[in-house]
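# Structural overview
The residues making up each chain are set out below.
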Amino acid sequence: MAIVVKKFGGSSVGNVELIRGIAQRLAKDYRSGDKLVLVVSAMAKTTDKLFDLAYQISPHPSRRELDMLLTAGERISMSLLSLALLEEGIASISFTGSQSGIITDKRHGNARILKVNAFRIHEELARGKVVIVAGFQGVSTSKEITTLGRGGSDTSAVALASYLGAERCEIYTDVAGVFTADPRIVPDAKFIPEIGYQDMLALAYSGSKVMHPRAVEYACKYRVKVEIKSSFSFDNGTIMQAELPGGVLDNKGKGDKMEDRFVSAIAHKDNLMQYRLTANAHAVELLKHWQHEIFKLAQIEGELEIYVESKYAQDIDFYLKQKGCQNFQKNDEMAFVVLVGLGLASDPLFVAQVMELMLPLKLQRICHSERALELMLPRESIPEALKLLHQEIIGDRK
Ligand code: ADP
Ligand code: ASP
Ligand code: MG
């Protein structure tokens, strides 16, 4: 019997009715014979609320205590799902990250998984139980509770799938799979049935929330087969796996010429705060002890630019001032749109087309890597930029 890991995101377990619905669908899978390991996120918005509570008490909460607090969110959803499965007549047991044997390094708030000692999971699976694991958390080598960074339950799921030798890892979320742009902003976005690890990695690192970048990295490194699908319908979703040469798996024969570019999807990232510091030895020291996830980092002439999610700004201000850095500048008005695919930057005609489209939207910067063309724009231009680029570049492609 194969082990299957299924992860349910926050909006999928957002209330008791949704949890009950998931338990009923899972009951069918269980009876079909798979050994199920479920990974859950905290119920929708719970982690944000816990985060806010901590900041109401302290402008710079202790990272250890913050981790203790935030991990409580996943404890609630794991036990509720276990209760719902028990009501369906299915034996189940929930475990915290620590009980599941997820061992991490000591970086509170942004810990990396070192290994998984999954013997308790194996024992309970052997007893015929469904095992539910709290996502986003582990225990450090100094026996402290740690978290893996916001959105980190995806990473818990892929890491567990890899360590358990699972047949596949299913990421259940509030959309049907991966689309050519965020379907909540671009209603014409198209469903992508298959996507290669490299394109998914570029999308995730460019801000597409649908899967956490570290989870994609993990899947790519250890060749974990992942399916991203809807927790509301359980219908077939997007399969992520090693790709064929040429980018997205299903683009065979779509271009007119052999070297045609192919835009797989368009990602965006807003809600960012840009910090600008003088790039000197002091900045190097600040980076060495930096605790928050950095979305993007660039040195431009003598200035270091660091982009982080705005929600961390209060904490980062405190950190910078505490370390004697008074003269940093902040700007929360810029955001990014990233075209992901192959052959984008090597074609000046294509870059010109993009620049022309974006000029009225106050394009600030454009730069490329081997798989992405990145545009920096004022935050308010993002919805318009996404719709326009999608319409002109992806359009009616089948
Ligand atoms: P979960 O709570 O399940 O982890 P997330 O909110 O983290 O869910 O990720 C799912 C969201 O990702 C969707 O609701 C959607 O708005 C957003 N998203 C952004 N880009 C894409 C994309 N290219 N394809 C699908 N969803 C996307
Ligand atoms: N609950 C955590 C968060 O909101 C982890 C996750 O959802 O993956 O970031
Ligand atoms: Mg998520």
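Summary of the structure given here. Just so it is clear, the structure is predicted and the values come from calculations on it, not from any experiment. (Residues numbered from 1 in each chain as written. Chains lettered and ligands numbered in written order. Predicted model: local features only at pLDDT ≥ 70, side-chain atom pairs only at ≥ 80, totals over all residues. Heavy atoms only, no water.)

### Describing the environment of Asp174
Along the chain, the position of Asp174 falls in the loop between β9 (168-173) and β10 (194-196). On the basis of relative accessibility, which here comes to 28%, the residue Asp174 falls in the partly exposed class. Those residues in contact with Asp174 that sit more than four places away from it in its chain are Ser11, Ser12, Arg184 and Phe232. Of note is the side chain of Asp174, whose polar atom sits 3.0 Å from the side chain of Arg184. (Helix = DSSP H or I, 4+ residues; strand = E, 2+ residues; numbered from the N terminus. Buried < 20%, exposed > 50% of the residue type's maximum accessible area, 1.4 Å probe, protein only. Contact = heavy atoms within 4.5 Å. Polar contact = N/O pair within 3.5 Å; in protein donor to acceptor, adjacent residues only side chain to side chain.)

### Re the sheet that holds strand β19 (residues 365-369)
Read across the sheet, four strands follow the order β13-β18-β20-β19 without closing on themselves; strand pairing throughout is antiparallel. Edge positions in the open sheet fall to β13 (262-269) and β19, since each of these has one partner strand only. On average, each strand axis in the sheet is inclined to that of its neighbour by 20 degrees, with strand direction left out of account. Where strand β18 (residues 334-342) and strand β20 (residues 372-378) come together, seven bridges link them in antiparallel fashion. Bridge pairing in β20 places Val340 opposite Ala372. Sheet strands touched by helix α10 (residues 348-358): β13, β18, β19 and β20. Its angle to β20, the strand with the most contacts, is close to 15 degrees. Across the sheet, helix α11 (residues 382-394) lies against β13, β18 and β20, angled at about 175 degrees from β13, the strand it touches most. (Pairing = 2+ DSSP bridges. Axes fitted to C-alpha atoms, helices over the stretch in contact; angles between N-to-C directions.)

### Observations concerning the site of ligand 2
Lining the immediate surroundings of ligand 2 are Ser41, Ala42, Thr47, Glu74, Phe136, Arg150, Gly151, Gly152 and Ser153. Measuring from a nitrogen atom of ligand 2, one finds a side-chain N or O atom of Glu74 at 2.7 Å. One nitrogen or oxygen atom from the main chain of Gly151 is found 2.8 Å from an oxygen atom belonging to ligand 2. Protein contacts shield 86% of the accessible area of ligand 2, which totals 270 Å² for the unbound molecule. When its residues are assigned to classes, the shell around ligand 2 shows two nonpolar, five polar and two charged. (Near = heavy atom within 4 Å. Areas by Shrake-Rupley, 256 points an atom, 1.4 Å probe, with all protein chains shown as cover. Nonpolar A, V, L, I, M, F, W, Y, C, P; charged D, E, K, R; others polar.)

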